[in-house]
Protein chains: 2
Amino acid sequence: MSEQFVSERNIRFLLYEVFDASSLIKYPRYAEHSQEIFDMVFETALKLGRDLFKPSFREMDKNQPEFIDGCVKVHPKVREIMKICGEGGWISATAPLELGGQQLPSLVGFVPMFIYSAANYAASVYPYLTAGAAHLIYSFGTEDLINAYIPNMYAGKWQGTMALTEPQAGSSLSDITTIAEATDHGYYRIRGQKIFISTGDHDCAENIVHLLLARVAGAPAGAKGISLFVVPKLRSDETGGLVSNDVQVTGIYHKMGYRGAPITHLSFGDNDDCRGYLVGLPHRGLSHMFQLMNEARIAVGIAAAGIASAAYYSALEYSRERPQGRPPAAKDPLSPQVPIIEHPDVKRMLLFQRAIVEGSLSLLLQCGKYVDMEKVLEGDEKEKYTLLLEILTPIAKTYPAEMGILSVSQALQCLGGYGYCDEFPLEQLYRDARIHTIHEGTTGIQGLDLLGRKVTMKNGKAALLFLNEVEESIDIAKIDPTLKPYADKLEESVNELKKVTAHLVGLAMEGKIDLFLADATLYLEFFGIVAIGWQWLLQALAVKKAIRGNPSESDLRFYQSKLHTFRYFFCYELPKIKGLTESLLTSNGLTLEMNKELF
Amino acid sequence: MSEQFVSERNIRFLLYEVFDASSLIKYPRYAEHSQEIFDMVFETALKLGRDLFKPSFREMDKNQPEFIDGCVKVHPKVREIMKICGEGGWISATAPLELGGQQLPSLVGFVPMFIYSAANYAASVYPYLTAGAAHLIYSFGTEDLINAYIPNMYAGKWQGTMALTEPQAGSSLSDITTIAEATDHGYYRIRGQKIFISTGDHDCAENIVHLLLARVAGAPAGAKGISLFVVPKLRSDETGGLVSNDVQVTGIYHKMGYRGAPITHLSFGDNDDCRGYLVGLPHRGLSHMFQLMNEARIAVGIAAAGIASAAYYSALEYSRERPQGRPPAAKDPLSPQVPIIEHPDVKRMLLFQRAIVEGSLSLLLQCGKYVDMEKVLEGDEKEKYTLLLEILTPIAKTYPAEMGILSVSQALQCLGGYGYCDEFPLEQLYRDARIHTIHEGTTGIQGLDLLGRKVTMKNGKAALLFLNEVEESIDIAKIDPTLKPYADKLEESVNELKKVTAHLVGLAMEGKIDLFLADATLYLEFFGIVAIGWQWLLQALAVKKAIRGNPSESDLRFYQSKLHTFRYFFCYELPKIKGLTESLLTSNGLTLEMNKELF
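Residues numbered from 1 in each chain as written. Chains lettered and ligands numbered in written order. Predicted model: local features only at pLDDT ≥ 70, side-chain atom pairs only at ≥ 80, totals over all residues.

Draft legend 1. Expanded view of the overall build of chain A. Secondary structure assignment for chain A yields 18 helices and 12 strands. The C-alpha radius of gyration of chain A comes to 24 Å, within 12% of the 25 Å expected for a compact globule of 599 residues. A burial count over chain A gives 60% of its 599 residues as buried. Summarising the internal contacts of chain A: among those between residues at least 6 apart in sequence, 76% fall at separations of at least 24. (Helix = DSSP H or I, 4+ residues; strand = E, 2+ residues; numbered from the N terminus. Rg over C-alpha atoms; globule rule 2.2 N^0.38 Å. Buried ≥ 20, exposed ≤ 12 C-beta atoms within 10 Å, placed from the backbone. Contact = placed C-beta atoms within 7 Å.)

Draft legend 2. Just the relation of the copies chain B and chain A, in detail. Take chain B, turn it by 180 degrees, move it 0.0 Å along the axis, and it overlays chain A with an RMSD of 0.0 Å. The transformation relating the two chain copies, once decomposed into turn and shift, fits a two-fold axis. (Least-squares fit on C-alpha atoms with pLDDT ≥ 70 in both.)

Draft legend 3. Just the domain arrangement of chain A, in detail. Residues and elements named next belong to chain A. Domain parsing of chain A yields domain 1 (8-153), domain 2 (160-283) and domain 3 (446-590). Look at where the C-alpha atoms of domain 1 and domain 2 centre, and you get two points 24 Å apart. In this complex, domain 1 contributes 33 residues to the contact, which on the side of domain 2 involves 28 residues. For the side of domain 1 that touches domain 2, the secondary-structure elements that each account for two or more residues are helix 3 (57-62), strand 2 (71-73), helix 4 (77-87), helix 5 (106-140) and helix 6 (143-154). (Domains from an automatic or database assignment.)

Draft legend 4. Geometry of the packing of helix 8 (residues 344-376) of chain B against helix 15 (residues 520-548) of chain B. All names here are of chain B. The N-to-C vectors of helix 8 and helix 15 enclose an angle of 90 degrees; their axes lie 9 Å apart at closest approach. The angle between helix 8 and helix 15 falls in the class roughly perpendicular. Touching Gly359, Ser362, Leu363 and Gln366 of helix 8 are Ala531, Ile532, Gln535, Trp536, Leu538 and Gln539, all from helix 15. (Axes fitted to C-alpha atoms, helices over the stretch in contact; angles between N-to-C directions. Parallel < 35°, antiparallel > 145°, perpendicular 65-115°, else oblique.)

Draft legend 5. A look at unusual backbone geometry. Even without glycine at this site, Asn588(A) takes up a positive phi of about 50 degrees. Counting through the fold element by element, Asn588(A) comes out in the loop between helix 17 (576-586) and helix 18 (590-593). The phi dihedral of Asp69(B) falls on the positive side, at around 50 degrees, and the residue is not glycine. By C-beta crowding, Asp69(B) is classed as exposed, having 5 other C-beta atoms within 10 Å.

Draft legend 6. Main features of the nonpolar core. If you look at the biggest cluster of nonpolar residues, it comprises 437 residues, and the most contacted ones within it are Phe229(A) and Phe229(B). Per element, the largest residue contribution to this core is 24 residues, and it comes from helix 5 of chain A. Setting aside residues up to four positions removed in sequence, Phe229(B) forms contacts with Ala180(B), Tyr188(B), Ile190(B), Leu212(B), Ala214(B), Gly276(B), Tyr277(B), Leu278(B) and Val279(B). (Core = buried A, V, L, I, M, F, W, Y, C linked by C-beta atoms within 7 Å.)

Draft legend 7. The arrangement of the interface of chain B and chain A in detail. Listed by partner, the interface residues are 76 residues for chain B and 76 residues for chain A. Sorting the residues of the side of chain B that touches chain A by element identifies helix 8, helix 10 (426-433), helix 11 (443-454), helix 14 (513-518), helix 15, helix 16 (553-573), helix 17 (576-586) and helix 18 (590-593) of chain B as the ones contributing at least two each. For the side of chain B that touches chain A, the element with the most residues is helix 16 of chain B, which contributes eight residues. Classifying every residue of the side of chain B that touches chain A by side-chain character gives 32 nonpolar, 26 polar and 18 charged. (Nonpolar A, V, L, I, M, F, W, Y, C, P; charged D, E, K, R; others polar.)

Draft legend 8. Structural context of the environment of Ile529(B). All names here are of chain B. You can see Ile529 is positioned in helix 15. Judged by C-beta crowding, with 24 C-beta atoms within 10 Å, Ile529 ranks as buried. Distance in space between the C-alpha atoms of Ile529 and Ile577 is 7.3 Å, their sequence separation being 48 residues. Among all residues touching Ile529, those that are not within four sequence positions of it are Glu573, Leu574, Lys576 and Ile577.

Draft legend 9. Structural context of the pairing of strand 6 (residues 207-216) of chain B. Residues and elements named next belong to chain B. Of all 10 residues that make up strand 6, eight are buried, and the element is covered over most of its length. Two strands pair when backbone bridges link them, and strand 3 (residues 158-163) and strand 6 are joined in this way by six bridges, in the parallel orientation. Paired with Trp158 across the strands is Asn207, a residue of strand 6. Bridge count for strand 4 (residues 179-182) against strand 6 is two bridges, and the pairing is parallel. Counterpart to Ile179 in the pairing with strand 6 is Arg215. (Pairing = 2+ DSSP bridges.)

Draft legend 10. Structural detail: the environment of Gly240(A). All names here are of chain A. Structurally, Gly240 is set in the loop between strand 8 (234-236) and strand 9 (242-244). According to the C-beta neighbour criterion, Gly240 is exposed, with 6 such atoms within 10 Å. Along the chain, Gly240 and Met113 lie 127 residues apart, while their C-alpha atoms are 34 Å from each other.

Draft legend 11. Quick peek at the pairing of strand 5 (residues 188-198) of chain B. Residues and elements named next belong to chain B. In terms of burial, strand 5 is largely enclosed, as 10 of its 11 residues are buried. Where strand 4 lies against strand 5, four bridges are found, and the strand directions are antiparallel. Bridge pairing in strand 5 links Ala182 to Tyr188. Counted between consecutive antiparallel strands, the loop separating strand 4 from strand 5 contains five residues, among which Gly186 sits at a positive phi close to 90 degrees. Where strand 5 meets strand 12 (residues 275-279), two bridges bridge the pair, whose relative direction is antiparallel. Across the sheet, residue Tyr188 finds its bridge partner in strand 12, namely Gly276. The sheet contact formed by strand 5 and strand 11 (residues 263-268) spans five bridges and is antiparallel. Counted as the bridge partner of Ile197 is Thr264 from strand 11.

Draft legend 12. Structural detail: the environment of Pro127(B). Residues and elements named next belong to chain B. With respect to the helices, strands and loops of the structure, Pro127 is situated in helix 5 (residues 106-140). Judged by local crowding, Pro127 falls into the buried class, with 29 C-beta atoms found within 10 Å. It is 38 Å that separates the C-alpha atoms of Pro127 and Ile577, two residues lying 450 residues apart in sequence. Filtering out sequence-adjacent residues up to four positions away, Pro127 remains in contact with Ile81, Met82, Cys85, Trp90, Ile91 and Gly156.

Draft legend 13. View of the packing of helix 15 (residues 520-548) of chain A against helix 17 of chain A. Residues and elements named next belong to chain A. Where helix 15 meets helix 17, the closest approach of the two axes is 10 Å, and the angle between their N-to-C directions is 150 degrees. Taken as axis vectors, helix 15 and helix 17 run roughly antiparallel relative to one another. The handedness of the crossing between helix 15 and helix 17 comes out as left-handed. For the pair formed by helix 15 and helix 17, the contact residues are Leu522, Tyr523, Glu525, Phe526, Ile529 and Val530 on the first element and Lys576, Ile577, Leu580, Ser583 and Leu584 on the second. (Left-handed = near helix turned anticlockwise from the far one by under 90°.)

Draft legend 14. Seen up close, the confidence of the model for chain A. Scored by pLDDT, chain A has a mean of 97; 100% of the residues are at 70 or more. If you check the scores for this complex, the pTM reads 0.98 and the ipTM reads 0.98. (pLDDT = per-residue confidence, 0-100.)

Draft legend 15. Main features of helix 15 of chain A. Residues and elements named next belong to chain A. With 29 residues, helix 15 ought to run about 42 Å at 1.5 Å a step, and its terminal C-alpha atoms sit 42 Å apart, in line with that. Taking burial as the measure, the 29 residues of helix 15 include 24 buried ones, the bulk of the element. Residue Asn550 follows helix 15 closely and has a positive phi angle near 55 degrees. (Expected span 1.5 Å × (residues − 1).)

See the structure below:
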C-alpha cells in the first residue's frame, strides 16, 4: 500500500477553509476547544492511522475471524486498537465532558473516523460501533445504565453492537420477532435470533454490549411495538462479577471483504436466562434506534469515502511510477516510455477518483457541521439543522457508497493486471468497498427514505431548506465571473431537480404511491449528484477566497488542483443528471408493470 | 447457485429468430449443417455446462492453483474438462473439417462459449485459449507446425496460451524485448520473460503450447520488429519423445477472482536451450497475433455476458423466494411479507441485468454472424464484414465487460447481505467479472482502438458501414407504429453520435491528436450504448414478427418480457448518452491540462 492514504492538506482545507471549524468555538459547548486542539486531534489521528491501523490492513483480511467452540477469535491487533482508542479518547471523542468524553464537534470528530477507515476499515468498526452504541445508551438510558456500561465502553474494554436484523427481518425492521418478557426484577427476558451482527462477539473485548430491538410481549404488531434494550453478553451478578447472560454465537458469515470484523449470527435466551434492560420508552425503540442508524449511515459514508481515498493514493503512486506507452505524437519506438500518469485516460481516472473522494468528504463534513449546529442552537434554528440532516443522511450514506465502489474500481483499473492481484491493496479495497451499499440500509431503502419520507416531510420543509442552502451558494458564486458559468450550471441542475421532484410528488398527490416511489433509487442518484455539485461549488468559493490572500507556492498548487477537480466534476459528473431527468420523467411505471411471471 | 444460469429460450430466439442461423446453411462452408445439428450442439453444451462445468465452479475458486517445486497444480477437474472438450469437438468447434474440426459457424460456436463461461468461467478458459492458439497456428503456420501441434491441441491434451505481456510491456506491446535468435536448424533460440500468462503452465495438460511474441535479433524497434513463434513447454526429440524446452514457471499470481485458472510468470531460455518456431512472416507477428487478440476480445465479451447471466439467474431465484417487506399501500403489519421481486426497485435491478445480459449477447452473436459472413463471402462483401467486425470488436469486448461488472453488482445487491457472503455465488461472480475490463486490452486501450484506429480507418468506411446497418434497422422499425417512437429515439442517438464523432474527428484533422483521443473511453461508452440500443431494436423487430405468427402462450410470455426489457433499455439506458454528449462536446482538454504535479 502506498505511504499516503488520505490528504492532510485537503482535510485542513475542508475543516478550516470551507467549514470554518474554528467558528464553532464561540458556542459554549465547544468553548474549551481551539484550532490548536483540532489540529492536534487530526495530526494524532494521522499518526495512529499510519502506525496503529494501517500495518494490519492486509493481515486482518488474510486472517479472518474464526468461529471455534462457540467463540469468535479475531486478529489480536484488535485488542491493542480498542485499548488505544479507549485510552486516547477516540471512542468518546464527541461525547460530553461529564461522561468522560472529549466533547469535540462532529465536524472534527468525523476526521479520525475517515482517517482510520482509509487506513483499515474493518479495524475501525470496533471502536466506532462501540461509540455509537454508547451514544444511544446515554441519549435514552437511565443513570444506572449509563454508569453500568459507558465507562467500560469508552475505555475500549467492552464492545458495542447494534442488533437489529433477524432472519425474516432485514430491510423490513417492523417484522422483527425477538421477544422481551417483562419480569418483576426490572429487567426483561429476551428470546430471539439476530443475524448479520457486526462485531457481535470476539475475544478482544471483555464483554459485548448489544443494543437490541425486540418486541415486548403483547406489544402491537409492526414498527409501533418495537422497544430498545441493552443486552450484554455477560451481566453483573450480585458480587459485581460478570456471568453469562445466555447469549450464544451460533455462527459467523464468510464475506467477500471487510473480513477483519466478524459478522455474527446470535441466539438470545436459548436457556431462558437472557436479561435485557429497556432503553428509553417502550414501543419507541425504532425511533430511538434511528439516532444510531442515522449516525451509522453517515459513518458508512465516511468509511466509503475513506476506502476510496486509500485506493486513490495507491493508484496515484502507481501511476506516477509505472512507465508504459508514449504520447500519441511520439513516433520513435526507442524513446523512453512515460509514466502512465501522463496519459489523459489515466488522468481522467484519477480526477474521477479525486472528484468522488473529496466531494464525498466535503458533504460528510457538511453533515458534521450540521450535527454541531443542531446541538448548539435552539428552536427554529435547531430545527433547520435537524431537517437538513434528515434530508442529507440518505445522500451522505449512498453517494460515497455507490460512487466509492466505482472510484475504487477505477483505482484498480489504473494498475491493470496488478490491480487484480493481491500484491497490491486495490483488490482488497475493491472487496471491502462493496459492503457499503448494503449495510445500514441498502441503496434501495435509502431511496425510499429520501423520496418517500424526507422530501415530503413537514410539507417539503427539509427539501426547501436544502434548496435554500444550495441557492445561497449559487448566488455567492455568481458574483465571481470565473465561477458564474458553474453557478449557472448548478442552478440549471437544481431547476431540473425541482421539475423532477414536482413530477414525482404530483404522482403521490394523485394517490399513485407505487408510481411515485418506483424510481426512488434514480431520484436518490440525481439528488446526490446535485448535492456533491453544490459541495464542489462551495470548495471553489473557498479556493477563490484563499487565492486572493496570496498563498504560498505549494498552497497555490493545491488550490489549482482543487479548481481542476471542481471543473472535472462539473464537466464529467454533473451532466449525468440529463439522462436521469429523462428516465425519471418518462419511465411512467415501466418497472412496476413488469409482471413478475415474465422474468 | 441457482439451477439456471443461462436462458435456453433466449439463445434459441437470438440464434434463429434474430440472426437466422439456418440461413448460413446455404453457403457451401456450412452446407453439411442443419438447424437440427445447431440444436444438438447447444443442447449438448447446456448439458455439459450443467453437469461438467458448473459443479466445480465454487471448488475451483476455493482451491486455487498452487505453485509447487516449479510446477503449477490446478484443480484435477481441469483434466476431465479438457478431455471431454477435446473428444467432444468443442475445442475444434469452428475449425475446418480437414483439420478435424466441426466447421460450425461462429454464430453457433459462440453459444457453448457463453454457456461454459456462465457455468464456470475459469474452467472455460482452458479449452478456449487452446482453440484460439490452434487457430493462429493453422492460419499462419506451416504444414509441419500444423501437424505437430494441432491434433494434440484439439484433442485437449495440449494446452494453448498467448504469451504477449512482459514486465515492461503490458498495454504497450511494441516494447517487448523477448529475443529470438535465428539458428541454422530451422528454429529460433528464445530468451525472455513473460508475465500474466493465463494457463501458462499446469499439471492437467501433457504439454503447453505458447504462441509467443518476440523480436528477432536485429529486428527494427517498435511494433514493426515483432514476430510470432510457437514455443512449446516440451519439444519433440529425435525419437519423437517429449523433452524439456527450457521454459520455466517462476511464479503464479494470486488474484481476486478468476481463480480457477493459473496466471503465470514464465521465463524462456534461462539455459539458452529454448526453441521457438516462427509462425507466419518475420516482423509481422503483431498483425498475426491480432487475429487471436480480436477473437480473444470477443471471447472476453462472451465470458463477461456469461458471468452476468449466471448472476442474473441467481438473483432472480433469490428475489422470487425471499419474502421481505410489503407494498407501500399495505398498512397491516400482520399481512404476510411479499417476495422481493414484487418491489419495483428489485424489478428495476432485474430488468437492468436482463437488458445488459441479453443486449450484450445479441451484439456478440451479431459479431459471430459477421465472422461467418466474412468467411463465406468475397471481395467488397467480405470487406464489409471485416470492417464491421473491426469497428465492433472493441465494443463487443468492452460493453459486456464494463456493464457486466455493474450487472453482477446489481445481482449481488438483490441478495443484500447474503450477496456479500460466500454461501451464495454472487460474491465470486463479482470477483470473477472484474478481470474483463483488464485483460486482452484494458478499456482505455479499447477506447483508443475504437476512436484512434477503427473510426478513422479507410476514411471512416467501417464507421459508415456500422451506421448503415443501424439506420437500416431503424428504417424497418419505423414502419411498425408501436416501434416507431423507439426507432426515432435511436435515430436521435445516432445523430448525436455523428455529431460527437464529427467534433472529435475535426480535432484530429486540426492535428490536435491528444485532444482528439483524450476522452476516447467516454466515446467508447457512448458508441456501446448506441450499439446495444440497435441490438435491442433488432430483437424487438424479431418479436413483432413472431407475435404476428400466433405464438404459443409460453412463447407469448417470452416475447412480452423481451419487449418489456427492450423498453427498459430505451427508457433507462439509452438516455445516458445525453450526459456523455455534453461531456464529450465540452471537455475541451480538461483532463489533458491537469498537470501531473497537481495530483
